[in-house]
Amino acid sequence: MASTVTTERSARPGYGQLLRTKGAWTFLVPGFAARQPFAMLTISIVLLVRHTTGSYGAAGAAAAVTGVSMALFAPYSGRLADRYGQRAVLMPGVVLHTAAGLTLTALALAHAPLWALFAAAVPTGASVPQVGPMVRARWGTRLKGSPLMSTAAAFESVTDELTFVVGPLLATALCTAVTPAAGLVTEAALTLVGGLLFAAQRGTQPPVGPHAEAGEEAHARVSALRVPGVRVLIVTFLGIGAVFGGMQVSLAAFTESIGEPGLNGVLYGVFAAGNMLSGVICGAVAWKSSPRRRLMVGYTALALTTSALWTVHSVPLLAGLGLLVGMCIAPALITGYTLVEDLVPAGARTEAFTWLTGAVALGQAAAVTVAGQWEDRLWDGAGFLVPMAATVPALATILALRSLLVARARTRTVARGVGHREPVTVD
């Protein structure tokens with residue numbers, strides 16, 4: 001509705017104006033608490049299972065099962081949220097995730113066999129609440145047609161990266177200073193409380209069913225995966241997830257090999273801080289180049305910087321290079337989510353966002369597994385090869401299929417008088 005968004009006639013939209021959007025704080029605060037566990041989950045599993053089994057390979061495999069399960073089930077969660085509403089999906093989901101996470105913790109502490117950990121990891125991953133995509137969808141409802149949508153895309157990327165600064169630091173501190181199980185227990189508690197509070201904000205969730213936009217009605221039942229550009233973006237985000245997973249395991253192994261395990265959270269925090277910093281900058285710049293071009297340039301830089309990780313063997317150099325790697329991630333994430341706005345009908349965007357989030361989780365899971373195996377079986381630092389091995393093929397895919405990242409027929413059929421508008425960012 002028109003009163004929801006105040007359109008400024010003045011300068012470029014900024015973060016201050018965005019945060020004054022009516023109703024924004026009602027979903028931003030609980031949303032931040034509810035998405036925080038996502039950044040804690042993988043590292044908490046790795047540290048707990050590594051402690052109870054003594055193997056990075058086993059720890060990485062358990063975390064990988066969680067990530068694969070999340071990647072497979074997340075899009076269905078998004079599709080259900082598009083169809084039935086976010087609250088209907090979140091309420092049972094957060095309860096199931098909390099119970100599954102606590103079960104996984106208990107099994108690990110009881111030194112249960114690896115197959116039992118895998119069995120508990122499946123529902124733990126499958127029930128991870130897709131709060132980030134849901135927040136993006138709520139921004140779309142609040143900011144429909146507003147130039148603030150590009151600012152919202154950058155703001156969400158910064159929020160995501162802030163969780164990846166706070167989450168691993170918090171999980172590592174809890175697992176090393178309190179007990180190895182503290183990370184997963186805290187993750188489960190935050191999921192329950194934050195998820196229920198977020199689900200309670202019914203007034204800001206996107207309309208569903210007969211209340212959806214009439215112009216998008218025909219598209220609402222179409223899977224986002226049928227959009228070719230979304231499939232290219234999934235490959236892109238798989239590579240980004242592999243950077244996250246490879247860095248988590250490799251940094252943990254590196255700091256342990258030098259006898260300073262407490263530095264793990266610090267080094268990963270520096271990496272994530274670089275990501276957050278570049279996200280802030282991306283949101284503050286009035287870009288003249290297209291999102292597709294920015295994606296290609298940013299991903300090229302990401303592939304180049306990750307290719308140097310395995311050559312670094314000192315803490316200061318690793319921190320500096322990790323900062324650069326992190327700074328290359330946010331532009332790719334922001335432009336990827338921005339492209340969804342142009343490529344995908346509104347009735348399928350929550351699903352599209354969950355495909356991308358799931359791709360990050362799947363890439364992270366695969367990287368955690370491979371990096372853990374390489375750290376166990378090859379040499380110290382071999383896990384740092386994983387980010388390079390994932391981003392280089394993903395870059396080749398982007399360059400080869402870049403024509404699919406341009407919106408086609410939808411701009412001709414939209415009946416809302418906005419077919420001439422400039423591309424805008426995520427919902």
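Rules used in this analysis
- Residues numbered from 1 in each chain as written.
- Predicted model: local features only at pLDDT ≥ 70, side-chain atom pairs only at ≥ 80, totals over all residues.
- Heavy atoms only, no water.
- Helix = DSSP H or I, 4+ residues; strand = E, 2+ residues; numbered from the N terminus.
- Buried < 20%, exposed > 50% of the residue type's maximum accessible area, 1.4 Å probe, protein only.
- Contact = heavy atoms within 4.5 Å.
- Areas by Shrake-Rupley, 256 points an atom, 1.4 Å probe, with all protein chains shown as cover.
- Expected span 1.5 Å × (residues − 1).
- Phe/Tyr/Trp six-rings, centres within 6.5 Å; stacked < 30°, edge-to-face > 60°.
- Lys NZ or Arg CZ within 6 Å of the ring centre and 35° of its normal.
- 1 Å grid on protein atoms, 1.4 Å probe; cavity = no way out; pocket = protein on both sides within 12 Å on 5 of 7 lines; lining within 4 Å.
- Points joined across faces, edges and corners; volume = space filled by probe spheres on them.
- Nonpolar A, V, L, I, M, F, W, Y, C, P; charged D, E, K, R; others polar.
- Patch = residues over 30% accessible without salt bridge, like charges linked within 9 Å, V, L, I, M, F, W, Y side chains within 5 Å.
- Salt bridge = Lys/Arg side-chain N within 4 Å of Asp/Glu carboxyl O.
- Axes fitted to C-alpha atoms, helices over the stretch in contact; angles between N-to-C directions.
- Left-handed = near helix turned anticlockwise from the far one by under 90°.
- pLDDT = per-residue confidence, 0-100.
- Parallel < 35°, antiparallel > 145°, perpendicular 65-115°, else oblique.

**Details of the overall build of the protein chain**
Consideration 1: A tally of regular secondary structure across the protein chain gives 15 helices and zero strands.
Consideration 2: Residues classed as buried in the protein chain amount to 56% of the 427 residues present.
Consideration 3: Across the protein chain, contacts joining residues at least 24 apart in sequence account for 84% of those joining residues at least 6 apart.
Consideration 4: Of the roughly 16,800 Å² of accessible surface on the protein chain, a fraction of 67% belongs to carbon and sulfur atoms.

**Some points on helix H9 (residues 228-257)**
Consideration 1: Over its 30 residues, H9 runs 44 Å from end to end, which matches the ideal 44 Å to within 8%, given 1.5 Å per residue.
Consideration 2: Burial of H9 is extensive: 24 of the 30 residues sit out of reach of the surface.
Consideration 3: Looking one or two residues past H9, Gly259 carries a phi angle of roughly 75 degrees, positive in sign.

**Observations concerning the environment of Thr354**
Consideration 1: Structurally, Thr354 can be placed in helix H13 (residues 349-377).
Consideration 2: Residues Thr354 and Gly78 lie 276 residues apart in sequence; the distance between their C-alpha atoms is 5.7 Å.
Consideration 3: If near-sequence neighbours (up to four positions away) are discounted, Thr354 is found in contact with Ala74, Pro75, Gly78, Gln130 and Pro133.

**What about helix H8 (residues 182-199)?**
Because each turn of an α-helix spans 3.6 residues, side chains separated by three or four positions end up pointing in the same direction.
Consideration 1: Under the 1.5 Å per step criterion, the end-to-end length of H8 is 25 Å for 18 residues, consistent within 8% with the ideal 26 Å.
Consideration 2: Taken together, the buried positions of H8 are occupied by Ala182, Gly183, Leu184, Glu187, Ala188, Thr191, Gly194, Gly195, Phe198 and Ala199.

**Observations concerning the packing of aromatic side chains**
Consideration 1: Applying the stated criterion across every chain, the model contains one aromatic pair.
Consideration 2: Centre to centre, the rings of Phe244 and Phe271 are 5.8 Å apart; their planes meet at 70 degrees, and the pair counts as edge-to-face. Placement of Phe244 in helix H9 and of Phe271 in helix H10 (residues 263-284) is noted, with a sequence separation of 27 residues between them. Summarising the burial analysis for this pair, Phe244 and Phe271 share the class buried.
Consideration 3: Over the ring of Phe198 we find Arg138, and its NZ or CZ is 4.3 Å from the ring centre.

**Side note on empty space enclosed by the protein**
Consideration 1: Applying the stated criterion across every chain yields a total of three cavities of 30 Å³ or more.
Consideration 2: Roughly 70 Å³ of volume is contained in the second largest cavity.
Consideration 3: What lines the second largest cavity is Phe38, Leu41, Thr42, Ile45, Ala63, Thr66, Gly67, Met70, Ala361 and Gln364.
Consideration 4: Looking at the lining of the second largest cavity, the elements with two or more residues in it are helix H2 (24-53), helix H3 (56-84) and H13.
Consideration 5: Per-class residue counts for the lining of the second largest cavity are six nonpolar, four polar and no charged.

**Side note on unusual backbone geometry**
Consideration 1: Positive phi, normally seen in glycine, also occurs at His111, with a value near 55 degrees.
Consideration 2: Following the sequence through the fold, His111 ends up in the loop between helix H4 (86-109) and helix H5 (114-126).

**A look at a nonpolar patch on the surface**
Consideration 1: On the surface, Val68, Leu72, Phe73 and Leu362 cluster together to form a nonpolar patch covering roughly 320 Å² of accessible area.
Consideration 2: No other element matches H3, which puts three residues into the nonpolar patch.
Consideration 3: Summarising the element assignment, Phe73 is placed in helix H3.
Consideration 4: In this structure Phe73 comes out as partly exposed when scored by relative accessible area, which is 42%.

**Let's talk about the packing of H3 against H5**
Consideration 1: Put simply, H3 and H5 touch, their axes get as near as 7 Å, and they point 30 degrees apart. H3 and H5 meet at a crossing whose hand is right-handed. On H5, the residues that touch Ala58, Ala61, Ala62, Val65, Thr66, Ser69, Met70 and Phe73 of H3 are Leu114, Phe118, Ala121, Val122, Thr124, Gly125 and Ala126.
Consideration 2: Here the contact of H3 with H5 is built from residues that sort into eleven nonpolar, four polar and no charged.

**Points about the confidence of the model for the protein chain**
Reading predicted coordinates in detail is not appropriate for stretches of low pLDDT.
Consideration 1: Scored by pLDDT, the protein chain comes out at a mean of 76, with 82% of its residues at no less than 70.
Consideration 2: Per-element confidence in the protein chain is highest for H5, whose mean pLDDT is 90, and lowest for helix H15 (residues 410-413), whose mean pLDDT is 41.
Consideration 3: Contacts from residues 1-11, a stretch scored under 50 in pLDDT, to residues over four places away or in other chains number eleven contacts.

**Focus: the side chain of Gln86**
Consideration 1: Within the secondary structure layout, Gln86 lies in helix H4.
Consideration 2: Given the relative accessible area of 2%, Gln86 is considered buried.
Consideration 3: If sequence neighbours within four positions are ignored, Gln86 has contacts with Ala81, Met134, Ala137, Arg138, Phe198, Gln205 and Pro206.

**Comments concerning the environment of Ala400**
Consideration 1: For Ala400, the location among the structural elements is in helix H14 (residues 385-400).
Consideration 2: Overall, the relative accessible area of 60% leaves Ala400 in the exposed class.
Consideration 3: A sequence separation of 168 residues divides Ala400 from Val232, and the C-alpha atoms of the two residues are 9.9 Å apart.

**Observations concerning the environment of Ala106**
Consideration 1: Within the secondary structure, Ala106 is located in helix H4.
Consideration 2: Once the C-alpha coordinates of Ala106 and Val185 are considered, the two residues, 79 residues apart in sequence, prove to be 9.8 Å apart.

**Some remarks on the packing of H4 against helix H6 (residues 131-142)**
Consideration 1: For the pair H4 and H6, the least separation of the axes is 12 Å and the interaxial angle reads 160 degrees. By the angle between their axes, H4 is roughly antiparallel relative to H6. For the element pair H4 and H6, the recorded crossing hand is left-handed. Residue-level inspection shows Gln86, Val89 and Leu90 of H4 in contact with H6, the latter providing Val131, Met134, Ala137 and Arg138.
Consideration 2: Of the residues that constitute the contact of H4 with H6, the class distribution is five nonpolar, one polar and one charged.

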